[in-house]
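Topology and contacts: notes
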2 protein chains.
Amino acid sequence: MAAGVSVATASKALNDTGRMAPETRERVKRAAIELGFRPNAMARGLLSKRSFTIGLLTNDTYGRFTLPLMAGISEALVDHGVSVFLCTIEDDPALAKIHVDAMLDKQVDGIIASGKRIDRRLPVDLGHLAVPVVYAFTDGPDDSVRFVSDDAQGSREAVQWMVGLGRQSIVHVTGPTTFASVKVRADAYSEIIGAGAEILHGKWSEAWGHEAVAQLWGGDRPRPDGIFCGNDQIARGVVDALRERGVGVPGDVSVVGFDNWEIVAAATRPPLTSVDMNLKTLGKEAGLTVLAMAEGKSVEPGIRKLPCQLVVRQTCGGVEAG
Amino acid sequence: MAAGVSVATASKALNDTGRMAPETRERVKRAAIELGFRPNAMARGLLSKRSFTIGLLTNDTYGRFTLPLMAGISEALVDHGVSVFLCTIEDDPALAKIHVDAMLDKQVDGIIASGKRIDRRLPVDLGHLAVPVVYAFTDGPDDSVRFVSDDAQGSREAVQWMVGLGRQSIVHVTGPTTFASVKVRADAYSEIIGAGAEILHGKWSEAWGHEAVAQLWGGDRPRPDGIFCGNDQIARGVVDALRERGVGVPGDVSVVGFDNWEIVAAATRPPLTSVDMNLKTLGKEAGLTVLAMAEGKSVEPGIRKLPCQLVVRQTCGGVEAG
DNA sequence: GTGAAAGCGCTAACAC
DNA sequence: GTGTTAGCGCTTTCAC
């Protein structure tokens, strides 16, 4: 080769393995840099059985949950030389199988399955693959490793924050009862509020936020002074509806959302205080975990709940109180 | 092997190459399926110099533009057995280089560079790589293949639609002058409107939409009956502001947005008519093009403009007129 | 028609 | 210390 050594020596030099004159090692390394030499990962992988590649499978088309997750995964794994295949399957089992097979053919070191809700599974069985699988923000088999956000804790933070601000009558406006996260969040809310708890279920939309306000302010009933919303879209609808009725936010009523979806939360007037699920961190954890499993480390199966975080903007007032 | 043939024969049988008894071929294929045999893509790639893998590089963190693009790319390439590495670089040259090197090591068949505006380049030089590169929704070298949406045509469709509905006085509320697409869209608007053209520049935000309406309705000036907005966020701000002033949309004023960002357009009251850039189609084209280049087909360099499409919802009225 | 042999780019074991 | 050899899983001549 260019440095006047054999391929084997070059390999050892560049990988810092084997014994050889430090001088030789240096010379080879310099030559490699000079030539812009980069080892062929396929050839290397053929031997090592490692591709330094993982697959991220998702059915979240809009990327609402997948993108932050992906950012975390990528950030955690790029240092390890691992690249990520992103595969979006639209709840289509056939498409899912094609993508999984393609990943497997390409010898991915592991797969992260993710979705848009934690109580549904992807339409494909990843139970008995030859590579490790981790579930992030989606359901998986009992003996699997699953990462989810701690919605109960996040809800408690939100409700307690309003209570701490002196709010006396807080209602919960949330999504359809069919979502597990709706129940978890609602239960956490009820636990804190106790007897006066009131939960309104509807769609995950701004329109439902408007309608809920119409219900709450429409009749001859006592008005709440705090509204904890099941997601940011509902919260935005609520805030808009309150403003249209001349109700002050945060003056008369505090509002908190859930998801901390920047595009919605920041555009709300005033900007929305919301619970962030820390999906990026969740992605990091999931990434490091598949990697560990791929390296043969054993990982305890079960559900890992990662804490949420209240992001305080202006719909609650009392920023100073924090 | 299991079917009682050599590896060589098996290879030929499964790839439909070489000559052999049809009966043998069948037998091998059946055995392969039975054993769940899947060829190792790394070994195969080592020989063929093809990895059936491409890289998608982007600096669009929120995925606003990248996700639809990605969907198109993936959809077009999955049939060809190609998987996609998604690499998000945050305008960070060092990170970009790491990702590009990782892709190259993994022998990607090609790279698609994408971004969030067509007049900026990614912070990395992809000019002289060993693999084909195409640019989608981002700028690239003169001798490169670049896919962009035809913003001028999209703008014309929008403005002509309002004109066709009988609107007499249409203004254009758009983003910062520093964006090339702002100029393109504005020029297309001016060309149609002629003498009465009026362009208001501001931020890409709902807040700017509000402020623009305040300017237009604030003074003692004649009111427009049509507003063509530079993006959907501005449009939403405009529609909200008009409603708050008691101006009817689409009764008194027609509004059209740009981007057709579902989450914004659909939540607007009433739902927003908007120009869709067909990013998914753009992704498909870009995907098929890198693939063709990877297969050695020569592709004419230059800019390919793909048509936009007006998505009619309810902020213009005249649905029947279409 | 089928199989044996060579080789893709690399690393690991073993000579020298 | 360094080079030679073998082999990862596959495809591709080329004998038979």
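What comes next concerns the included structure. Keep in mind that this is a model prediction, so the values were computed, not measured. Along each chain, residue indices are assigned from 1 in the same order as the chain's sequence is written. Both sets of labels track the order of writing: A upward for chains, 1 upward for ligands. Under the rules for a predicted model, residues below a pLDDT of 70 receive no local features and side-chain atom pairs below 80 are neither given nor counted, while totals for whole chains, interfaces and linings still include all residues. By convention in this description, side-chain values take in all heavy atoms of the structure and omit both hydrogens and water.

**What about unusual backbone geometry?**
The phi torsion of most residues other than glycine is negative, and most of the peptide bonds are trans. Residue V249(B) is joined to P250(B) through a cis peptide bond whose omega torsion reads 10°. Strands here mean DSSP runs of E at least two residues long; helices mean DSSP runs of H or I at least four residues long; both are numbered from the N terminus. Looking at the element boundaries, P250(B) is found in the loop between α9 (232-244) and β9 (254-258). Going from R269(B) to P270(B), the amide bond is cis rather than trans, its omega being -5°. Along the chain, P270(B) turns up in the loop between α10 (262-265) and β10 (273-276). The backbone of D91(A) sits at a positive phi, close to 55°, despite the residue not being glycine. Secondary-structure assignment places D91(A) in the loop between β2 (83-88) and α5 (93-105). Relative accessibility thresholds used throughout: buried, under 20% of the residue-type maximum; exposed, over 50%; partly exposed, between the two (1.4 Å probe, protein chains only). A relative accessible area of 42% means that D91(A) is categorised as partly exposed.

**Quick look at the protein's contact with DNA strand D**
Here a residue is near a molecule or strand as soon as one of its heavy atoms is found within 4 Å of it. Around DNA strand D, 24 residues are found, and the nearest of them are K12(A), R19(A), T24(A), K49(A) and S11(B). The sugar-phosphate share of atoms of DNA strand D within 4 Å of the protein amounts to 59%. Within the contact set of DNA strand D, a phosphate oxygen lies 2.4 Å away from a side-chain nitrogen or oxygen of K49(A). Pairing of N or O atoms within 3.5 Å defines a polar contact, subject to two protein rules: one partner must be a possible hydrogen donor and the other a possible acceptor, and residues neighboring in sequence count only if both atoms are side-chain atoms. Within the contact set of DNA strand D, a phosphate oxygen lies 2.9 Å away from a backbone nitrogen or oxygen of N40(B). When residues of the surface near DNA strand D are traced back to their parent elements, those giving at least two are α1 (7-15) and α3 (41-48) of chain A together with α1 (7-15) and α3 (41-48) of chain B. Residues are grouped as follows: Ala, Val, Leu, Ile, Met, Phe, Trp, Tyr, Cys and Pro are nonpolar; Asp, Glu, Lys and Arg are charged; every other residue, Gly included, is polar. Looking at the surface near DNA strand D residue by residue, the class counts come to twelve nonpolar, seven polar and five charged.

**Considering helix α11 (residues 279-294) of chain B**
Two residues of an α-helix separated by three or four positions point the same way, owing to the 3.6 residues in each turn. All names here are of chain B. Expected span of a helix: the number of residues minus one, times 1.5 Å. Counted at 1.5 Å a residue, the expected span for α11 with its 16 residues is 22 Å, and the 22 Å between its end C-alpha atoms agrees. Looking only at α11, the buried set comprises L279, L282, G283, A286, G287, T289, V290, L291 and A292. The positive-phi residue at the C-terminal boundary of α11 is G296, with phi of around 90°.

**A look at the sheet that holds strand β8 (residues 226-229) of chain B**
Residue and element names in this part refer to chain B. The mixed open sheet is built from six strands, whose spatial order is β7-β6-β8-β9-β10-β12. Here the strands that pair on one side only, and so sit at the sheet edges, are β7 (199-201) and β12 (309-311). On average, each strand axis in the sheet is tilted by 20° relative to the strand beside it, whichever way the strands run. When DSSP finds two or more bridges between two strands, those strands count as paired. Pairing analysis gives three bridges linking β10 to β12, with the strands arranged antiparallel. Each bridged residue has a counterpart across the sheet, and for D276 the counterpart in β12 is Q309. Note on method: axes are straight lines fitted to C-alpha atoms, helices fitted across the in-contact stretch only, with angles between N-to-C directions ranging 0 to 180 degrees.

**Focus: the packing of helix α9 (residues 232-244) of chain A against α9(B)**
Taken N-terminus to C-terminus, the directions of α9(A) and α9(B) make an angle of 30°; their axes are 12 Å apart at the nearest point. Here α9(A) is positioned roughly parallel relative to α9(B), judged by the angle of their axes. α9(A) and α9(B) meet at a crossing whose hand is right-handed. For the pair formed by α9(A) and α9(B), the contact residues are R236(A), D240(A), R243(A) and E244(A) on the first element and R236(B), D240(B), R243(B) and E244(B) on the second. Taken together, the residues of the contact of α9(A) with α9(B) break down into no nonpolar, no polar and eight charged. Any angle from 65 to 115 degrees is called roughly perpendicular, while one under 35 is roughly parallel, one over 145 is roughly antiparallel, and all others are oblique. Each helix crossing is assigned a hand: it is left-handed if the near helix lies turned anticlockwise from the far helix by less than a right angle, otherwise right-handed if that turn is clockwise. Contacts are assigned to residue pairs with any non-hydrogen atoms lying within 4.5 Å of each other.

**Points about the pattern of salt bridges**
Residues and elements named next belong to chain B. Salt-bridge detection follows one rule: a side-chain nitrogen of Lys or Arg within 4 Å of a carboxyl oxygen of Asp or Glu. Counted according to the given criterion, the structure contains 50 salt bridges over all chains. When the shortest N-O distance is used, the salt bridge between D101 and K97 registers 2.8 Å. With D101 and K97 both in helix α5 (residues 93-105) and four residues apart, the pair spans about one turn of that helix. Residues E198 and R221 are paired through a salt bridge, measuring 2.9 Å at the closest nitrogen-oxygen approach. Placement of E198 in the loop between α7 (180-193) and β7 and of R221 in the loop between α8 (206-218) and β8 is noted, with a sequence separation of 23 residues between them. Look at E198 and you get partly exposed, because its relative accessible area is 25%.

So, to be careful, I would describe these as geometric facts and stop short of saying anything about function.
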